[in-house]
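The residues making up each chain are set out below.
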Amino acid sequence: NDLFVKYKEALKDTAEKLSCGGKFYPTDLYLIAIINRAMAINDAYFRIAKLNNYVAAAPYIRMQMDNCISAYAGLIIDEKDVLKFINHFIAGKDLYKFKAANKNPLYEKYVVQELNKKYPQFKKAYEYYNDMVHLSNQHFQSAHNMHEGKLQVALDHGSFYSSDEGSCHDNNMCYATKRL
């Protein structure tokens, strides 16, 4: 909870700094949209994680990573194309239809590779949390447990996550939020 408050304050502070005394630029509005979404995702994640329901909370980490991808995409475009990029985004067009400064389309996979150059664990975490969004063996493994030779199944919050695994998810949410 303290961590959530800390990140929420940092994100709010960033949004306030972007306002330049009440005057907003298109890039500010793009970043404020990302920050607003990040705050909402942090709030939802920590509320669900507090219930130890990491099956439901973990996909929020992937959504937070999506915020990182969107923010980073805006950093790897040609400076002269920033307004075109913002208008492209506001028009609801897919980011992959826009190109980075090196002329590569902004496919999510490409932006993740670029982010991974700066933050070497990003791609690995991104792939792991992609599996948490869609039904996968991660869910299979968290839904059952062998105890004294007997199979146990989890039907309440659907998981046998240990407190260490829960802490790991919490740390990964913090990792993703820090990348913003």
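Before any of the text, the structure's been laid out above.
Reading the values: the criteria
Residues numbered from 1 in each chain as written. Predicted model: local features only at pLDDT ≥ 70, side-chain atom pairs only at ≥ 80, totals over all residues. Heavy atoms only, no water. Helix = DSSP H or I, 4+ residues; strand = E, 2+ residues; numbered from the N terminus. Buried < 20%, exposed > 50% of the residue type's maximum accessible area, 1.4 Å probe, protein only. Contact = heavy atoms within 4.5 Å. Areas by Shrake-Rupley, 256 points an atom, 1.4 Å probe, with all protein chains shown as cover. Axes fitted to C-alpha atoms, helices over the stretch in contact; angles between N-to-C directions. Parallel < 35°, antiparallel > 145°, perpendicular 65-115°, else oblique. Nonpolar A, V, L, I, M, F, W, Y, C, P; charged D, E, K, R; others polar.

(A) Geometry of the overall build of the protein. Within the protein, the regular secondary structure consists of eight helices and two strands. Mapped from its N terminus to its C terminus, the protein presents α and β elements in the order α-α-α-α-α-α-α-β-β-α. Burial statistics for the protein: of 180 residues in total, 40% are counted as buried. If you take every contact in the protein between residues at least 6 apart in sequence, the share linking residues at least 24 apart comes to 59%. A total accessible area of about 10900 Å² is found for the protein, and carbon and sulfur atoms account for 54% of it.

(B) Broad picture of the packing of helix α5 (residues 108-118) against helix α6 (residues 122-133). Running from N to C, α5 and α6 point in directions that differ by 140 degrees, and their axes come no closer than 8 Å. By the angle class used here, α5 and α6 are oblique. Contacts between α5 and α6 involve E108, V112, L115 and N116 from the first element and F122, K123 and Y126 from the second. Residue composition of the contact of α5 with α6, grouped by class: four nonpolar, one polar and two charged.

(C) Representation of the packing of helix α3 (residues 54-75) against α5. Their axes nearest at 10 Å, the elements α3 and α5 cross at an angle of 85 degrees. Considering their axes alone, α3 and α5 lie roughly perpendicular with respect to each other. Across the interface between the two elements, R62, D66, C68, I69, Y72 and A73 from α3 touch E108, V111, V112, E114, L115 and K118 from α5. For the contact of α3 with α5, a count of residues per class yields seven nonpolar, no polar and five charged.

Remember that the coordinates give geometry; whether it matters functionally is a separate question.
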